[in-house]
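Take a look at the letters that make up each chain.
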Amino acid sequence: MKSIDVFAHVLPPNFYQQMLAIDPQIPKRAPFIKHPLLSDPNRRNQYLPADSYQVVSAVNVNPEDYVDSKQAAKLCQAGNEEIAAIVNHNDRFVGGVAMLPMNNVPAAKQTLDDVKQSKTMAGAQIFTRALGKSIADPTFRPVFATAAKEDVPLLLHPVFDSRKPDNNIVFSWEYELSNAMLQIVQAGVFQQYPHLKIVVHHAGAMIPFFAGRIKYILPADQAADFHHFYVDTAILGNAPALKLAVDYFGSDHVLFGTDAPLGIKPAGATKEIIRAIQAAGLSTDQQEQVFYKNYQRLFSDAD
């Protein structure tokens, strides 16, 4: 069955060299960035199952963490142009995801406008925190407003909270995603923009497992707003957990995503996640929704 992976990653080589010139310690702090297939995406094709395609976003190197607002806007623009070129030269890539300079909200809004007009870029990536603040902070509300107005999907990726001394790659990102989702809901983002599209990495993290706590602790309108989120399937397999995510968010709100080429050597967990979806007890119609139909519906310019 055809599959479209909405959360695969690349590392645009020219953009990365610019970032290394600013901070040579990036690979030491983020060892995963040294994965060879991030910067050589054409080599990934040999590992992809037949009829499997990817939507690609930059791995975590966020310019606003390193430079001022003007330079961040320039780096993001150049990086987005490079991502578009990578997509256009790889027949297994069906779309790119834009970087946003979150220390330059006007430039971020312009990027969303550009994505709306693009035939190559499919959405924009945001992170659980930016500039030391929650993504739900009022500073970033114009980004949500513009994405809602332009009908541009936002892909929510985790980052570590630098205030915490014990961040780890196994559990911390799942907490950060869950907490960011709560903060978005409690900030009333979906109340203000009910048609906003936010796709959350890692199957919505802790949310499906703690559905009961959400239902009985939060006000009813906030509990309901969690169902506005879309989620991917990037949890390295685990059919029962994927079924839980589908049961909570609905098969129309779950999109195939793998985190490729990260997670399982050499090129990610694409095959494992396909097998897990097939083993999760979903109907053929539900599998088609997850594997590709939800992407085609959600991303208006999808082929």
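In the block above lies the structure referred to throughout.
S.K.: Could you give an account of the overall build of the chain, with specific residues and numbers?
M.R.: Broken down by element type, the chain carries twelve helices and ten strands. Here the chain has a C-alpha radius of gyration of 18 Å; the compact-globule value for 303 residues is 19 Å, and the two agree. Judged by the C-alpha coordinates and their principal axes, the chain covers about 50 × 45 × 40 Å. The buried share of the chain, reckoned over its 303 residues, is 57%.

S.K.: An account of the nonpolar core is requested, with residue identities and associated values reported.
M.R.: Counting 93 residues, the largest nonpolar core has Phe144, Leu156, Ile184, Leu196, Ile198, Phe226 and Phe229 as the members making the most contacts within it. Counting residues per element, this core draws most heavily on helix H3 (residues 69-88), at seven residues. Residues contacting Phe144, with those up to four places away along its chain left out, are Ile126, Ile135, Leu154, Ile184, Val189, Tyr193, Leu196 and Ile198.

S.K.: Describe in detail the packing of helix H1 (residues 13-22) against H3, supporting the description with residues and values.
M.R.: Put simply, H1 and H3 touch, their axes get as near as 8 Å, and they point 150 degrees apart. Classified by the angle between their axes, H1 and H3 sit roughly antiparallel to one another. Residue-level contacts link Pro13, Asn14, Phe15, Gln18, Met19 and Ile22 of H1 to Gln71, Leu75, Ala78, Gly79, Glu82 and Ile86 of H3.

S.K.: Can you break down the environment of Gln18 residue by residue, with the values?
M.R.: Relative to the elements of secondary structure, Gln18 occurs in helix H1. The partly exposed category is assigned to Gln18, whose relative accessible area is 37%. Measuring from C-alpha to C-alpha, the distance between Gln18 and Gly79 comes to 9.7 Å, with 61 residues separating the pair along the chain. Dropping the residues within four chain positions of it, Gln18 is found in contact with Leu75 and Ala78.

S.K.: If you had to explain the side chain of Asn62 to someone new, which residues and values would you point to?
M.R.: Within the secondary structure, Asn62 sits in the loop between strand E2 (52-58) and H3. Those residues in contact with Asn62 that sit more than four places away from it in its chain are Phe127 and Val159.

S.K.: Break down the pairing of strand E7 (residues 154-157) for me, citing the residues and quoting the values.
M.R.: Burial along E7 is two-sided: the residues Leu154 and Leu156 and Leu155 and His157 are all buried. Across four bridges, the pairing between strand E4 (residues 121-127) and E7 is parallel. What sits directly across from Ile126, in E7, is Leu156. Note that E7 and strand E8 (residues 198-200) share three bridges and pair parallel. Its bridge partner lying in E8, Leu154 is registered against Ile198.

S.K.: For the sheet that holds E7, give the residues involved together with the corresponding values.
M.R.: On the basis of which strands lie adjacent, the open sheet formed by eight strands has the order E1-E2-E3-E4-E7-E8-E9-E10 and parallel pairing. Lying at the two open borders of the sheet, with one neighbouring strand each, are strand E1 (3-10) and strand E10 (254-255). Of the strand pairs in this sheet, strand E9 (residues 230-232) and E10 are connected by two bridges, and their pairing is parallel. Across the sheet, residue Asp232 finds its bridge partner in E10, namely Leu255. Strands E1, E2, strand E3 (93-98) and E4 of the sheet are contacted by H3, whose axis makes an angle of about 175 degrees with E3.

S.K.: Got a sec to walk through helix H12 (residues 284-298)? Specific residues and values, please.
M.R.: Taking 1.5 Å per residue, 15 residues should reach 21 Å; H12 reaches 19 Å between its end C-alpha atoms and fits that length. Along its length, H12 reaches its greatest deviation from straightness, about 55 degrees, at Val290.

Rules used in this analysis
- Residues numbered from 1 in each chain as written.
- Predicted model: local features only at pLDDT ≥ 70, side-chain atom pairs only at ≥ 80, totals over all residues.
- Heavy atoms only, no water.
- Helix = DSSP H or I, 4+ residues; strand = E, 2+ residues; numbered from the N terminus.
- Rg over C-alpha atoms; globule rule 2.2 N^0.38 Å.
- Buried < 20%, exposed > 50% of the residue type's maximum accessible area, 1.4 Å probe, protein only.
- Core = buried A, V, L, I, M, F, W, Y, C linked by side-chain atoms within 4.5 Å.
- Contact = heavy atoms within 4.5 Å.
- Axes fitted to C-alpha atoms, helices over the stretch in contact; angles between N-to-C directions.
- Parallel < 35°, antiparallel > 145°, perpendicular 65-115°, else oblique.
- Pairing = 2+ DSSP bridges.
- Expected span 1.5 Å × (residues − 1).
- Bend = angle between axes of the 7 residues up to and from the residue.

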